[in-house]
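Structure at a glance
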Amino acid sequence: MPDSRARPVVTLRPVVGEDLPAFYEQQLDPEANAMAVANPRTAEAFREHWDRTLVDPAVTIRAVLADGELVGQIACFPMDGVDAVGYSIAREHWGRGIATRALALLIVEVSARPLHARVARANVGSIRVLERCGFVAVGGGMSEATERFPACEEVFLELG
């Protein structure tokens, strides 16, 4: 397990097909799903999602590397008529500032503003990541349950 005090060099690169098995395994992690208030995708749903995502010109998706090692993914994508961001970092790399640095890199690359994020209120780590990158809370509410996400209280954040 990496030293949680180590500050790795974080870089982004385009996602390649060889990344998908690692992403699939990451999205199965029960602790990560509990924190994000998400349900893992089935293998078929995962494949369909990535088949669409990788060819969608409206989506900017990047692999997140820490010291050259694939540790997650980050994206800007259209959601409910706005540009939104989302990310996932493998649990063994949490607590090292990787998500914050990856988001900082993505918001330099993506010029669209405002950017939005919706986060489960209980996911305080993700809220902190967004706030460190300049996002501010602009509201919240209860989300309805979907196949992918259980109902939960959410915080809405925006970067102007």
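The structure this text deals with has already been given above.
The paragraphs below set out a description of the structure included in this document. (Residues numbered from 1 in each chain as written. Predicted model: local features only at pLDDT ≥ 70, side-chain atom pairs only at ≥ 80, totals over all residues. Heavy atoms only, no water.)

A word on the overall build of the protein
Stated formally: We count a stretch as a helix when DSSP gives it H or I for four or more residues in a row; a strand needs E for two or more, and each element gets its number in order from the N terminus. Only C-alpha atoms enter the radius of gyration; for comparison, a globular chain is expected to reach 2.2 Å times N to the power 0.38, where N is the number of residues. Only protein chains enter the accessibility calculation, which uses a 1.4 Å probe. A residue is then buried if its area is under 20% of the maximum for its type, exposed if over 50%, and partly exposed in between. Only heavy atoms enter the contact rule, under which two residues are in contact if any of them lie within 4.5 Å. Computed with a 1.4 Å probe, the accessible areas rest on the Shrake-Rupley method; for each residue, only the protein chains presented here act as cover.
When helices and strands are counted, the protein shows 5 helices and 7 strands. Sequence-ordered secondary structure for the protein, helices as α and strands as β, is β-α-α-α-β-β-β-α-β-α-β-β. Its C-alpha radius of gyration of 15 Å places the protein within 12% of the 15 Å reference for a compact globule of 160 residues. Principal axes of the C-alpha set define a box for the protein whose edges measure 35 × 35 × 30 Å. Looking at the protein as a whole, 40% of its 160 residues qualify as buried. Looking at the protein alone, contacts between residues at least 24 apart form 60% of all its contacts between residues at least 6 apart. Surface summary for the protein: the accessible area is close to 8,800 Å², and the carbon and sulfur share equals 56%.

A short note on the packing of aromatic side chains
Going by this rule: What counts as a ring pair is set by centres within 6.5 Å for rings of Phe, Tyr and Trp (its six-membered ring), and what kind of pair is set by the plane angle: stacked under 30 degrees, edge-to-face over 60, tilted for all other angles.
Under the defined criterion, the tally for this structure stands at 3 aromatic pairs. For the ring pair Tyr24 and Phe46, a centre distance of 5.1 Å and an interplane angle of 75° mean the geometry is edge-to-face. With Tyr24 in helix H1 (residues 20-26) and Phe46 in helix H3 (residues 43-53), the pair connects residues that are 22 residues apart, well separated along the chain. Through a chain of ring-to-ring contacts, three or more aromatic side chains come together here, namely Phe23, Tyr24, Phe46 and Trp50.

Structural notes on the side chain of Asn33
Among the secondary structure elements, Asn33 is positioned in helix H2 (residues 30-36). Setting aside chain neighbours within four positions, we find Asn33 in contact with Gln27, Leu28, Ala38, Asn39 and Pro40.

Structural notes on the sheet that holds strand E5 (residues 115-120)
Going by this rule: When DSSP locates at least two bridges between a pair of strands, those strands are taken to pair. Axis geometry follows a simple rule: fit a line to the C-alpha atoms, using only the stretch in contact for helices, then measure angles between N-to-C directions, giving values from 0 to 180 degrees.
With respect to topology, 7 strands assemble into an open sheet ordered E1-E2-E3-E4-E5-E7-E6, the strand pairing being mixed. Each edge of the open sheet is held by one strand with a lone partner, namely strand E1 (10-14) and strand E6 (136-143). Each neighbouring strand pair of the sheet contributes to a mean axis angle of 30°, computed without reference to strand direction. Relative to strand E2 (residues 60-66), E1 runs antiparallel, the two sharing 5 bridges. Residue pairing across strands places Arg13 opposite Ala63, the latter belonging to E2. Of the strands in this sheet, strand E4 (82-89), E5 and strand E7 (152-159) are in contact with helix H5 (residues 124-132), which crosses E5 at around 160°.

Quick look at the pattern of salt bridges
Stated formally: Salt-bridge detection follows one rule: a side-chain nitrogen of Lys or Arg within 4 Å of a carboxyl oxygen of Asp or Glu.
Under the criterion given, the structure shown has 7 salt bridges. A salt bridge links Asp80 to Arg118; the nearest nitrogen and oxygen atoms lie 3.3 Å apart. Placement of the pair is Asp80 in the loop between strand E3 (69-79) and E4 and Arg118 in strand E5, with a sequence separation of 38 residues. A network of salt bridges, in which partner residues are shared, links Asp29, Glu31 and Arg91.

A closer look at H3
Residues lying three or four places apart along an α-helix face the same way, a consequence of the helix completing one turn every 3.6 residues. Stated formally: In this description, the arc belongs to the directions extending from the helix axis to the C-beta atoms.
All buried positions along H3 are accounted for by Phe46, His49, Trp50 and Thr53. End-on, the buried residues of H3 take up no more than an arc of 90°, which puts them together on one face. Residues Asp51 and Arg52 are exposed on H3 and point more than 90 degrees away from its buried face. Here the buried face of H3 lies against H1, E2 and E3.

Observations regarding the side chain of Glu154
Where we set the bar: Polar contacts, as used here, are pairs of N or O atoms within 3.5 Å; protein pairs need one atom able to donate a hydrogen and one able to accept it. Residues neighboring in sequence count only if both atoms are side-chain atoms.
Along the polypeptide, Glu154 turns up in strand E7. For Glu154, a relative accessible area of 11% translates into the label buried. Engagement of the side chain of Glu154 in a polar contact is seen with the side chain of Arg118, the distance being 2.6 Å. Not counting chain neighbours up to four residues away, the residues in contact with Glu154 comprise Arg118, Val119, Ala120, Arg121, Gly139, Gly140, Gly141 and Ser143.

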